[in-house]
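# Topology and contacts: notes
What follows is each chain in one-letter form.
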Amino acid sequence: MKRPSGTRSILLGLFCLLSAGSAEAHILPGQATGFFSGILHPISGLDHILAMVSVGVWGAQLGAPAIWVLPVTFPIMMAFGGLAGFLGVPLPAIEIGIALSMVVLGAAVTLEAKPPQFAVMAVVAFFAIFHGYAHGTELPRGDSALLYSLGFVMATGCLHLLGITLGLIHRWAWGKGALRLAGTAVSLIGVFFLWSAAA
Amino acid sequence: MTSWSRGHQRVASDALAALSGALAVSPAEAHLVTTGLGPIYDGVSHVFLSPEDLVPAVVLALLGGRCGPETGRRVLFVLPLAWLLGGLVGLVAAGVAALPDLAWLSFVIVGGLVAANLKLSSAIITALAALLGLFHGFLNGSTMGYSADGLRALIGVAATIFVLSALFAAAVVAFRQEALRIGVQVLGSWTAATGILLLGWLLR
């Protein structure tokens, strides 16, 4: 079979480029323009990233059923927090709540805390509302709410999955030590955020 | 003519072909994607390019499959038929009747049921499939009514829903590993969360 020449490949590429849809010239930076802008939102802040990953790591340390209950609970509670943020329901000390979530979740990972199942869910659900609320008030206006929301929720879920995957090293002794160290680091960063928020 | 100049002539003709192809791009249509392959394929592509239809249909198929092969089979037939029926009503009622934007509710109900891992009766799932199919079908039909081939596009939509329901319901029925079943539950949670955020967006 005769291979297409390099020139033909370039022309094919040119054809594809020229065939692209019309440019959307009026989209402003920061608008809810689609799936990928939704994905980028939760990973744009260190505090959110560390808290989400810590939820996954803690779930992995706790094992079943927490390992799957937490990633199921968190997005829904976060969305309720987001709804409250959208509606402008007053919720005090949001930044302090988010910083506190890092301190508490990091400490839970460090200590390998194993409270009763309902307490684990309550802690995670409580902090999820703060994170969701902050996102709800920050979410930009735009014309693609569904795609943006899908990307936003999936990115949050993927951060949990990343945490669970990292938490799987818990089965080895060195892994337990590494997770404890990471949990301590998250708590310390949380203390810094807490201090910044309170100042 | 030398081979060098023949080569350039070929490049020039290819460039001309590429340019003319690019300039011949068809105009966008807001409510029905035009594939250029006919209304049936327009209907097929509509499903894949409309997450407000695609996601609830897939998650409902997952829900049906989770409740066993019998429920999965019911969803397989009830959902596309209801979708087609709702679409036909929508075609007739285009411009006359309108439904509120309740896509978020489909996400919340179907996603919430999958996330909660409830064992629902086959009758409830079937009724849910009928309601969801009628609602989304009506919305599709009422927008497609403005195009000449709305009926054939609807057939494409319903056929795609049938195939997707078959694939996803059968996949869940076949899941034996606990991790995969939990994965479905997490997908349900993401769907419900998306629906709640959509509601917030609407109310803002």
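Rules used throughout
Residues numbered from 1 in each chain as written. Chains lettered and ligands numbered in written order. Predicted model: local features only at pLDDT ≥ 70, side-chain atom pairs only at ≥ 80, totals over all residues. Helix = DSSP H or I, 4+ residues; strand = E, 2+ residues; numbered from the N terminus. Buried ≥ 20, exposed ≤ 12 C-beta atoms within 10 Å, placed from the backbone. Contact = placed C-beta atoms within 7 Å. Axes fitted to C-alpha atoms, helices over the stretch in contact; angles between N-to-C directions. Parallel < 35°, antiparallel > 145°, perpendicular 65-115°, else oblique. Left-handed = near helix turned anticlockwise from the far one by under 90°. Nonpolar A, V, L, I, M, F, W, Y, C, P; charged D, E, K, R; others polar. pLDDT = per-residue confidence, 0-100. Core = buried A, V, L, I, M, F, W, Y, C linked by C-beta atoms within 7 Å.

### A look at the overall build of chain A
Counting its secondary structure elements, chain A contains 8 helices and 0 strands. Listed N to C, the secondary structure of chain A is α-α-α-α-α-α-α-α in terms of helices and strands. Residues counted as buried form 44% of the 199 residues belonging to chain A. Summarising the internal contacts of chain A: among those between residues at least 6 apart in sequence, 90% fall at separations of at least 24.

### Focus on the overall build of chain B
For chain B, the helix and strand inventory stands at 8 helices and 0 strands. For chain B, the succession of helices and strands along the chain, N to C, is α-α-α-α-α-α-α-α. Counting only contacts in chain B whose residues sit at least 6 apart along the sequence, the fraction spanning at least 24 positions is 85%.

### A word on the packing of helix H5 (residues 103–116) of chain B against helix H8 (residues 178–203) of chain B
Residues and elements named next belong to chain B. Running from amino to carboxyl end, H5 crosses H8 at an angle of 155°, the nearest separation of the two axes being 7 Å. Comparing the axis directions of H5 and H8 gives the class roughly antiparallel. In this structure, H5 meets H8 at a crossing whose hand is left-handed. Here the contact of H5 with H8 is composed, by residue class, of 15 nonpolar, 8 polar and no charged.

### Things to note about the packing of helix H3 (residues 46–62) of chain A against helix H5 (residues 94–111) of chain A
To characterise two packed helices, one gives the angle between the axes of the helices and the distance between these axes. Residues and elements named next belong to chain A. One way to put it is that H3 packs onto H5 with a least axis distance of 9 Å and a crossing angle of 30°. Taken together, the axes of H3 and H5 are roughly parallel relative to one another. Viewed along their axes, H3 and H5 form a crossing whose handedness is left-handed. Contact with H3, carried on its side by Asp-47, Leu-50, Ala-51, Ser-54, Val-55, Val-57, Trp-58 and Gln-61, involves Ile-98, Ala-99, Ser-101, Met-102, Leu-105, Gly-106, Ala-108 and Val-109 of H5 and no other residues of that element.

### Section: unusual backbone geometry
Residues and elements named next belong to chain A. A positive phi angle, near 55°, is found at Ala-93, a position not held by glycine. Position of Ala-93 among the secondary structure elements: in the loop between helix H4 (66–87) and H5. Even without a glycine there, the phi angle at Glu-112 is positive, about 50°. Summarising the element assignment, Glu-112 is placed in the loop between H5 and helix H6 (117–138).

### Digging into the confidence of the model for chain B
All names here are of chain B. The pLDDT averaged across chain B works out to 81; a share of 77% of its residues lies at or above 70. Low pLDDT, under 50, characterises residues 22–30; the predicted model gives this stretch 7 contacts beyond four residues in sequence or across chains. Quick note on the complex model: pTM equals 0.77, ipTM equals 0.76.

### Let's talk about the nonpolar core
Of all hydrophobic cores here, the largest spans 108 residues; its most connected members are Leu60(B), Leu62(B) and Leu79(B). For this core, the leading source of residues is H4(A), giving 12 residues. Not counting chain neighbours up to four residues away, the residues in contact with Leu79(B) comprise Ala57(B), Leu60(B), Ala129(B), Leu132(B), Gly133(B), Ile161(B) and Ser165(B).

### Here we look at the environment of Leu203(B)
In this fold, Leu203(B) is placed in helix H8. Residue classification places Leu203(B) among the exposed residues on the basis of 11 C-beta atoms within 10 Å. Each residue touching Leu203(B), except ones within four places of it in the same chain, is listed here: Phe86(A) and Leu87(A).

### Some words on the environment of Val157(B)
Residues and elements named next belong to chain B. Locating Val-157 in the fold gives a position in helix H7 (residues 150–174). It is 25 Å that separates the C-alpha atoms of Val-157 and Ser-122, two residues lying 35 residues apart in sequence. If sequence neighbours within four positions are ignored, Val-157 has contacts with Gly-43, His-46, Val-47, Trp-83, Gly-87 and Asn-140.

### Section: the environment of Pro39(B)
Residue and element names in this part refer to chain B. Tracing the backbone shows Pro-39 in helix H2 (residues 39–48). In this structure Pro-39 comes out as buried when scored by C-beta crowding, with 22 C-beta atoms within 10 Å. Residues Pro-39 and Gly-150 lie 111 residues apart in sequence; the distance between their C-alpha atoms is 7.5 Å. Residues contacting Pro-39, with those up to four places away along its chain left out, are Asp-149, Arg-152, Ala-153 and Gly-156.

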